[in-house]
Amino acid sequence: TGNGSITAAQVNNGSSDNCGIATMSVSPSAFDCSDVGGNQYSLDFDGTNDVVVLPYSNTQMGIQGTSFTASAWVKRDDNFNFDRAILSNNGCLLHLIIRNHRPYLGFCGNDLAGNTVINPGTWYHIAWVYNSSTGTQSIYVNGSLDASGGGHSPLNNDAPFRIGAYSNGGGG
């Protein structure tokens, strides 16, 4: 039992970004134990037209031609052998996906495949890393280096980000 409350200032804590977010709010700002439900995840994608479109490009997100890290908790519910998009911007630009049951980091033919099989029904923490000073792409699974390779040019194309899809059409 218990009650809680939170304000936007408590979440913000004086942070800043390059995206130009003008305002921040929290809703609801007050809650109690009755607000806790069976939902044990933030986003649930069933593979049919599920997508979150972020109106920010690589440049606005600060990853255009530079180093970056993106990570996600991933749990597959199926055993199909086709691509599952985690984060992408128009598919062939940046794509962080599960391909052939393995994590995959791609810059449109300038790609790295992971080694760990991502089995259905198990949660995995996957981090995709690009180091622009060395041209190295790396994939980490549950905190351990899974694959790494050099000679990769920086991501130099620009488009809005999509969570759970390759393109505007969703899917993946």
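Report on the accompanying structure.

Definitions and cut-offs
- Residues numbered from 1 in each chain as written.
- Predicted model: local features only at pLDDT ≥ 70, side-chain atom pairs only at ≥ 80, totals over all residues.
- Heavy atoms only, no water.
- Helix = DSSP H or I, 4+ residues; strand = E, 2+ residues; numbered from the N terminus.
- Buried < 20%, exposed > 50% of the residue type's maximum accessible area, 1.4 Å probe, protein only.
- Contact = heavy atoms within 4.5 Å.
- Areas by Shrake-Rupley, 256 points an atom, 1.4 Å probe, with all protein chains shown as cover.
- Pairing = 2+ DSSP bridges.
- Core = buried A, V, L, I, M, F, W, Y, C linked by side-chain atoms within 4.5 Å.

1. Quick look at the overall build of the protein chain
Helix and strand content of the protein chain: 2 helices and 12 strands. Expressed as a percentage of its 172 residues, the buried residues of the protein chain come to 34%. Residue pairs in contact within the protein chain that sit at least 24 positions apart in sequence constitute 60% of those at least 6 positions apart. In the form shown here, the protein chain has an accessible surface area of approximately 9800 Å², with 48% of it arising from carbon and sulfur atoms.

2. Comments concerning the environment of C108
With respect to the helices and strands, the residue C108 is situated in the loop between strand 7 (102-106) and strand 8 (112-113). A sequence separation of 15 residues divides C108 from L93, and the C-alpha atoms of the two residues are 5.3 Å apart.

3. Here's the deal with the pairing of strand 9 (residues 123-131)
The side chains of a regular strand alternate between the sheet's two faces. Here strand 4 (residues 68-75) pairs with strand 9 via 8 bridges, running antiparallel. Bridge pairing in strand 9 links T69 to V129. Alignment of strand 9 against strand 10 (residues 136-141), held across 6 bridges, turns out to be antiparallel. Across the sheet, I126 pairs through a bridge with V141, a residue of strand 10.

4. Digging into the nonpolar core
Of all hydrophobic cores here, the largest spans 23 residues; its most connected members are L94, L96, L105, F107, I126, W128 and I139. Listing elements by their share of this core, those giving two or more residues are strand 4, strand 5 (84-89), strand 6 (94-99), strand 9 and strand 10.

5. Describing the side chain of T136
Tracing the sequence through the fold places T136 in strand 10. Apart from residues lying up to four places away in sequence, T136 is in contact with V129, Y130, N131, S148, G149 and G150.

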